Amino acid sequence: MTVTLEVAEGVGTLRLNRPPMNALDVATQDRLKELAEEATRREDVRAVVIYGGEKVFAAGADIKEMQVMDHAAMVLRARALQDSFTAVARIPKPVVAAVTGYALGGGCELALCADYRIAGDNAKLGQPEILLGLIPGAGGTQRLARLVGPSKAKDLIFTGRQVKADEALALGLVDRVVPAAEVYAQAHAWAAKLAQGPAIALRAAKESIDTGLETDIETGLAVERGWFAGLFATEDRERGMRSFVEEGPGKAKFL
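Read on for a plain summary of the structure. (Residues numbered from 1 in each chain as written. Predicted model: local features only at pLDDT ≥ 70, side-chain atom pairs only at ≥ 80, totals over all residues. Heavy atoms only, no water.)

Of the volumes computed, that of the largest pocket is approximately 1000 Å³. Around the largest pocket sit 33 residues that line it, and A89, C113, R143, D210 and E214 are the ones nearest its centre. The set of elements that each furnish at least two residues to the lining of the largest pocket consists of α3 (71-89), α5 (140-148), α8 (183-195) and α9 (199-213). Each residue belonging to the lining of the largest pocket can be placed in one class, and the counts come to 16 nonpolar, seven polar and ten charged. (1 Å grid on protein atoms, 1.4 Å probe; cavity = no way out; pocket = protein on both sides within 12 Å on 5 of 7 lines; lining within 4 Å. Points joined across faces, edges and corners; volume = space filled by probe spheres on them. Helix = DSSP H or I, 4+ residues; strand = E, 2+ residues; numbered from the N terminus. Nonpolar A, V, L, I, M, F, W, Y, C, P; charged D, E, K, R; others polar.)

Here you go:
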């Protein structure tokens, strides 16, 4: 399989496995969507790591496959391409991208679908589609601009240049840089810690933030308000507040 889902300690690892460069062909895109939806449904998956292996995250789309596609074919495929990445972005649980080596084009766009990005010191990220006479088509023009701001996004997309891990960190494109050999372990540790948290509250936080970024503040506040009040009906809220009163902050254990 070009993508697998492995679960341990409440963490589901979406592992890309299409050597040598994890090129994201149509079959891989479809498999990614299938497994992202499975991770969404499974109660034993409480957080997710996206990982491409020790040497490369994903070097982009399968250019040879795309080269033979004409306009009509891509009109039919473009929505499915976006939907596969959107399925990852909409996993209602904490998602971290563990980035080693190249994360270019579709690989960078996949990392953008995560809530948090941990990069190895050997990572190189970018949106080089302009060098092919194209633009990003799997959400890059939208998610990158929302993450780093329009001017920085335009620089990366207009030039197609690659940025190393230190510059990616300065731009806000990644959130942490660690030695390449530690990327997966640190990403899994981040996810495992959150997997022990209150699942419904984490889902509420993610949906409120993501919805607010996509709409006006009044709508975002309405979403936040609805979730905030709704969480008062959950066992996690009762458990968390009781623990705070009886034991002090930060000691609650959630189911």
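Once that is clear, we can look at the packing of helix α1 (residues 26-41) against α3. Any two packed helices are characterised by the angle at which their axes cross and by the distance between the axes. In contact at an axis separation of 8 Å, α1 and α3 are set at 40° when each is read in the N-to-C sense. In terms of axis orientation, α1 runs oblique to α3. The handedness of the crossing between α1 and α3 is left-handed. Facing α1, whose interface residues are V26, Q29, D30, L32, K33, A36 and E37, α3 presents R77, L81, D83, S84, A87 and V88. Its residues placed into classes, the contact of α1 with α3 shows six nonpolar, two polar and five charged. (Axes fitted to C-alpha atoms, helices over the stretch in contact; angles between N-to-C directions. Parallel < 35°, antiparallel > 145°, perpendicular 65-115°, else oblique. Left-handed = near helix turned anticlockwise from the far one by under 90°. Contact = heavy atoms within 4.5 Å.)

On to the packing of aromatic side chains. A full pass over the atoms with the stated rule returns three aromatic pairs. Their ring planes at 35° and their centres at 4.7 Å tell us that Y51 and Y184 sit as a pair that is tilted. Placement of Y51 in strand β3 (residues 47-51) and of Y184 in helix α8 is noted, with a sequence separation of 133 residues between them. Take Y51: its relative accessible area is 9%, and that puts it in the buried class. Of the residues examined, Y184 reaches a relative accessible area of 26% and is grouped as partly exposed. (Phe/Tyr/Trp six-rings, centres within 6.5 Å; stacked < 30°, edge-to-face > 60°. Buried < 20%, exposed > 50% of the residue type's maximum accessible area, 1.4 Å probe, protein only.)

As a further point, take unusual backbone geometry. In this structure, P20 follows P19 across a cis peptide bond, with omega equal to 10°. Locating P20 in the fold gives a position in the loop between β2 (11-16) and α1. A positive phi angle is found at E9, which is not glycine, with a value near 60°. By secondary structure assignment, the location of E9 is in the loop between β1 (3-8) and β2. Judged by its relative accessible area of 64%, E9 is exposed.

All right, on to the nonpolar core then. Core analysis: the biggest nonpolar cluster contains 45 residues, and F57, V88, V99, L110, L125, L144 and L173 have the highest contact counts within it. It is α3 that contributes the most residues to this core, five residues altogether. Not counting residues within four places of it along the chain, the set of residues in contact with V88 comprises L32, A36, I50, L110 and C113. A47, V183, A191 and A192 belong to the second-largest nonpolar core, a separate cluster that totals 13 residues. (Core = buried A, V, L, I, M, F, W, Y, C linked by side-chain atoms within 4.5 Å.)

Quick look at helix α11 (residues 235-247) now. Over its 13 residues, α11 runs 17 Å from end to end, which matches the ideal 18 Å to within 8%, given 1.5 Å per residue. Listed in full, the buried residues belonging to α11 are D236, R239 and S243. Mapping the buried residues of α11 onto a view down its axis gives an arc of 65°, with all of them on the same face. In α11, those exposed residues whose orientation departs by more than 90 degrees from the buried face are F244 and V245. Looking at the buried side of α11, the elements it contacts are α9. (Expected span 1.5 Å × (residues − 1). Arc of directions from axis to C-beta.)

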